[in-house]
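The primary structure of each chain is shown beneath.
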Amino acid sequence: MEVVTSSLMMKRPITVKAIVTARWKEEVQQQLQNQIAQLDKQIQQLEMQGTRTIEELKKKTTDSNSDQLTKQVESIQSQVNQKKSELLNKKNQLLQQLQQVQLLELDQEVVQAQMESFFRIEKGDNLVKKLNVEVLLRDGIVEEIRGEI
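Residues numbered from 1 in each chain as written. Predicted model: local features only at pLDDT ≥ 70, side-chain atom pairs only at ≥ 80, totals over all residues. Heavy atoms only, no water.

What to know about the pattern of salt bridges
Filter applied, for reference: Within this document, salt bridges are pairs made up of a side-chain nitrogen of Lys or Arg and a carboxyl oxygen of Asp or Glu, the two lying within 4 Å of each other. Strands here are runs of E lasting at least two residues and helices are runs of H or I lasting at least four, both read from the DSSP assignment and numbered beginning at the N terminus. Exposure is judged per residue with a 1.4 Å probe applied to protein chains only, and the accessible area is read against the type maximum: over 50% gives exposed, under 20% gives buried, and values in between give partly exposed.
In this structure the tally under the stated criterion is eleven salt bridges. One salt bridge in this structure joins Arg138 and Asp107, with 3.5 Å as the shortest N-O distance. Separated by 31 residues along the polypeptide, Arg138 in strand E3 (residues 133-138) and Asp107 in the loop between helix H2 (67-103) and strand E2 (109-122) bring together distant segments of the chain. Arg138 gets classed as partly exposed once you look at its relative accessible area, which sits at 31%. Classification of Asp107 as exposed rests on a relative accessible area of 54%. Across the salt bridge formed by Arg146 and Glu134, the nearest N and O atoms sit 3.3 Å from each other. One end of the pair, Arg146, is in strand E4 (residues 141-146); the other, Glu134, is in strand E3, and twelve residues separate them in sequence. Taking relative accessible area as the criterion, Glu134 reaches 22% and is therefore assigned partly exposed. Among the ionic contacts, a cluster of salt bridges with common partners joins Lys17, Glu109, Glu134, Glu144 and Arg146.

Describing the packing of helix H1 (residues 22-60) against H2
Condition: Angles shown run from 0 to 180 degrees and are taken between the N-to-C directions of axes, each axis being a line fitted to C-alpha atoms and, for helices, limited to the stretch in contact. Relative orientations are named as follows: roughly parallel for angles under 35 degrees, roughly antiparallel for angles over 145 degrees, roughly perpendicular for angles from 65 to 115 degrees, and oblique for any other angle. The nonpolar class holds Ala, Val, Leu, Ile, Met, Phe, Trp, Tyr, Cys and Pro. Asp, Glu, Lys and Arg form the charged class, and all remaining residues, Gly among them, are polar.
For the pair H1 and H2, the least separation of the axes is 10 Å and the interaxial angle reads 170 degrees. Relative to H2, H1 is oriented roughly antiparallel. A per-class count over the contact of H1 with H2 returns 19 nonpolar, ten polar and eight charged.

Things to note about the sheet that holds E3
Note on sheets: strands pair through backbone hydrogen bonds, and any given pair is parallel or antiparallel. The condition that has to hold: Pairing between two strands is assigned when DSSP locates at least 2 bridges connecting them.
Strand order across the open sheet formed by four strands is E2-E1-E3-E4, with mixed pairing between neighbours. Two strands close off the open sheet at either side, each with one partner strand: E2 and E4. Across this sheet, the average inter-strand angle for adjacent strands is 25 degrees, counted without regard to direction. Relative to E2, strand E1 (residues 7-19) runs antiparallel, the two being bridged by 13 bridges. Each residue of the ladder has a partner; that of Lys17, found in E2, is Val111.

Structural notes on the pairing of E3
Bridging between E1 and E3 involves six bridges; their strand directions are parallel. Along E3, the bridge assignment pairs Ile14 with Val133. Sheet topology note: the E3/E4 ladder contains five bridges and is antiparallel. Residue pairing across strands places Val135 opposite Ile145, the latter belonging to E4. Between E3 and E4, which follow one another and run antiparallel, lie two residues, and Asp139 among them has a positive phi close to 50 degrees.

With respect to the side chain of Lys25
Put simply, the rule reads: Charge convention: Lys and Arg are scored as positive, Asp and Glu as negative, and His as well as the terminal groups of each chain are ignored. Contacts: residue pairs with any heavy atoms within 4.5 Å of one another.
Relative to the helices and strands, Lys25 resides in helix H1. For the buried Lys25, no salt bridge exists, and the shortest N-O distance to an oppositely charged side chain is 9.1 Å, to Glu105. Non-local contacts of Lys25, meaning those with residues more than four positions away in its chain, are made with Val20, Val101, Gln102, Leu104 and Leu106.

Some details on a nonpolar patch on the surface
Heads up, the rule is: Like-charged residues within 9 Å of one another, or nonpolar side chains (Val, Leu, Ile, Met, Phe, Trp, Tyr) within 5 Å, are grouped into patches, provided each residue has over 30% relative accessible area and no salt bridge. Method for areas: the Shrake-Rupley scheme with a 1.4 Å probe, in which residue coverage is limited to the protein chains shown.
Together, Val142, Ile145 and Ile149 make up an exposed nonpolar region whose accessible area comes to about 300 Å². Relative to the assigned elements, Val142 resides in strand E4.

Considering the layout of surface pockets
In plain terms, the rule: Think of a 1 Å grid over the protein atoms and nothing else: a 1.4 Å probe that fits but is trapped marks a cavity, an open set flanked by protein within 12 Å on at least five of seven lines marks a pocket, and residues with an atom within 4 Å of a point count as lining. Grid points are joined across faces, edges and corners, and a volume is the space filled by probe spheres set on the points.
Approximately 170 Å³ is the volume attributed to the largest pocket. Every residue lining the largest pocket is listed: Trp24, Val28, Gln31, Leu32, Gln35, Gln97, Gln100, Val101, Leu104, Val110 and Val111. Put simply, the parts of the chain that give the lining of the largest pocket at least two residues each are H1, H2 and E2. Considering each element in turn, the lining of the largest pocket owes the most residues, five residues, to H1. Grouping the constituent residues of the lining of the largest pocket by class yields seven nonpolar, four polar and no charged.

Below you can see the structure in the form of structure tokens.
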């Protein structure tokens, strides 16, 4: 007599944690500083592009006092300011993250990422235990897998 075991393939979230080491802190701080520098470049390019666009618009318009020119210049400046504000908000968030990383203590565990994995479940399995899985990294190397694989 043949015994048929039914099972189901499911997807679950996996929390990836990192142990704070001097190397990890240095790498994360460098990544954040690179992102901040990139945002600074984008802000500078945005301002230059806005100024250039306004200057070109003024050159093309013969009547420099026209209401239409004023409205166009204000519209361009408004768009530049809105985008600049968005970029500055992102920069402030990165600066806050950088400050938080600097305050982390060595050997502390921090959530680094969320991923998904597939797993098989069968009758009698504890679904809650199978869903609670974490991977712990030290300098990018798996140190521990917590939970039921």
